[in-house]
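Observations on chain architecture
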Amino acid sequence: MGYPQVIITKTSKNLENKLKEISDDIIIGMLSDDKQFDGGFKRLVQKYQEPLYWHIRRMVHFHEDADDVIQNVFIKVFRGIKGFKGDSKLYTWLYKIATNESITFINKKKKISSVTEHADDDILSSKLKADTYFDSDQAQLILVKAVESLPQKQKQIFNLRYYDNMTYKDMSEVLDTSVGALKASYHHAVKKIENYLKANV
Amino acid sequence: MFKKYRIMITEDYFEKLPDRLSEKIESLEDDLLQEAPLLHSMRDGNPYSVPHGYFKNLENQLTQKRSSLKVSYRKYLAVAASLLLLMAIGLQWSSDVVDDSGALAEVELYDYYLDNLDDVDEDLIALLSEDEESLATEMLFDDDEIEIVLDELVSDLNDYELDNLF
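Read on for an overview of the structure. (Residues numbered from 1 in each chain as written. Chains lettered and ligands numbered in written order. Predicted model: local features only at pLDDT ≥ 70, side-chain atom pairs only at ≥ 80, totals over all residues. Heavy atoms only, no water.)

1. Section: the overall build of chain B
For chain B, the count of helices and strands is nine helices and zero strands. Seen in sequence order, chain B has helices and strands lined up from the N terminus as α-α-α-α-α-α-α-α-α. Taking all contacts inside chain B whose residues are at least 6 apart in sequence as the whole, residues at least 24 apart take part in 70%. (Helix = DSSP H or I, 4+ residues; strand = E, 2+ residues; numbered from the N terminus. Contact = heavy atoms within 4.5 Å.)

Below you can see the structure in the form of C-alpha cells.
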C-alpha cells in the first residue's frame, strides 16, 4: 500500500525559511566535533544573534550596551559550550546566559549611577528620546516605561512571553521558576501594564 | 494543473510537535486581546533599531574575538603548565624521600617544557593534574584558588610579555 500523495501548491516563505533553518541538534553535533567546531559556532551565531540581541536590547535599552552584552554572551557560550550536556535545550541555555549577563550589566550600571529610582526613570526617557536607534513613538515609549516599572524578575517574565513568545515550559528552564508561578506573574504584569497604558496613552 | 512538490518536513518535526501544540494551547489560554486590548495592539511594534549591517558585522567581530580567545587559551595553558610543573618540583624537593636521579629528571623536564612550549597540550596538563591530585589536596589548594593565582599571573603581563614569556 502506498502513502497518500500530498500536493502542495504553494510553499510560504516562512515555511521555506523554517526548512532551511539548521536544527539545534545539528549545531550541537558540529560543536562536539573538533573538526566541525568552527562551522558549528558560526551557525550558532547566525541562528541566535538576532533573537538574543533583541532580548538583551529590551532589557538594557541602548544599542551600545546591548552590543557589549551580546559579545560577552557569545564569549561565555564559546567558553562553556564544551560543557553543555544537553540537559536543557540549547535555545533555553542561550537565553539563560543572555538574561544573566543582562542582569549583571544592569546591576553594575546601577552601582555606578547613584540616582534615585524616579530620577532614573526620567533619565531613561530623555536618553531614549535622544537615541538615534530608538523610534521615539510616544506610545512605544510609554510601553517601555511601563515594562521598566515592573520588578526585575517580572520584567524578564513579561519580555520572554510577550515579545519572544516563549512557552512557559521553556521560560521555566531559563528562569528556574515553576510554570504556575510564571503564569501568575505574567498575568499580573499584563494587568499592571494595561492599566499603566490606559492611564498614560 | 497542479505542480507536484516533494513533501518536506524538518527532521525533528514530530519530536517538537507536542511542544508546538502546547504553545498553541497556551496562546489560546492567554487571550491577550480580551485581557489587555491596548497591550495587544502594540505587540508588533519595535521602537529599537540597529546600525545598518550590524548583525553581519557582529558575526565577523565574534569570529575575530573567538580566534583571539584561542590564542589566549594557549598562553593560559602555558602558564598553567609551568605552575603545575613548579608545584610538582617544589613538592618533590620538600618530600622526606630524596631521589637524586628523579629530582634531576624533573628539572630537566621542566627546562625542556620551558624551551618547547608547543609540546605542552591539554592532555599533558590533565595527566600532570591527575599525578598531583593527592599532593594538591594535601596543600589544601582548591580549583578556585589555583584559578585566582593563574588569573593574577596572566593579568600582570602585557601581550608582549606573554608572547615572549618563554
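2. What to know about the environment of Tyr196(A)
Residues and elements named next belong to chain A. Its location among the elements puts Tyr 196 in helix 10 (residues 179-200). Between the C-alpha atoms of Tyr 196 and Ala 146, which are 50 residues apart in sequence, the distance is 6.2 Å. What Tyr 196 contacts, discounting residues up to four positions off in sequence, is Ile 142, Lys 145, Ala 146 and Ser 149.

3. Some thoughts on helix 5 (residues 90-112) of chain A
All names here are of chain A. Here helix 5 spans 33 Å end to end across 23 residues, near enough to the 33 Å set by a 1.5 Å rise per residue. The complete set of buried residues in helix 5 reads Leu 90, Thr 92, Trp 93, Leu 94, Tyr 95, Ile 97, Ala 98, Thr 99, Glu 101, Ser 102, Ile 103 and Ile 106. Looking at the buried residues of helix 5, the elements they touch are helix 2 (24-31), helix 3 (37-60), helix 4 (63-80), helix 8 (152-163) and helix 9 (168-175). (Expected span 1.5 Å × (residues − 1). Buried < 20%, exposed > 50% of the residue type's maximum accessible area, 1.4 Å probe, protein only.)

4. Some points on unusual backbone geometry
Residue and element names in this part refer to chain A. Positive phi outside glycine occurs at Asn 165, with the angle close to 55°. The phi torsion at Asp 176 lies on the positive side, around 50°, for a residue other than glycine. Within the secondary structure, Asp 176 sits in the loop between helix 9 and helix 10.

5. Here we look at the pattern of salt bridges
Residue and element names in this part refer to chain A. Under the counting rule described, the total for this entry stands at eleven salt bridges over all chains. One salt bridge connects Arg 58 with Asp 164, and the closest N-O pair in it is separated by 3.0 Å. Of this pair, Arg 58 sits in helix 3 while Asp 164 sits in the loop between helix 8 and helix 9; the two residues are 106 residues apart in sequence, bridging distant segments of the chain. Grouping residues by exposure puts Arg 58 and Asp 164 together as buried. A salt bridge links Glu 101 to Lys 76; the shortest N-O distance between them is 2.8 Å. Of this pair, Glu 101 sits in helix 5 while Lys 76 sits in helix 4, and the two are 25 residues apart along the sequence. Since its relative accessible area comes to 12%, Glu 101 is described here as buried. What makes Lys 76 partly exposed here is its relative accessible area of 46%. (Salt bridge = Lys/Arg side-chain N within 4 Å of Asp/Glu carboxyl O.)

6. Topic: the nonpolar core
Among the nonpolar cores identified, the biggest contains 67 residues, and Leu44(A), Phe158(A) and Leu39(B) are the most heavily contacted of them. The leading source of residues in this core is helix 3 of chain A, at eleven residues. The contact partners of Leu39(B), leaving out residues within four places of it in the chain, are Leu143(A), Phe158(A), Tyr162(A), Val190(A), Ile193(A), Glu194(A), Leu197(A) and Leu32(B). (Core = buried A, V, L, I, M, F, W, Y, C linked by side-chain atoms within 4.5 Å.)

These figures capture arrangement, not role.
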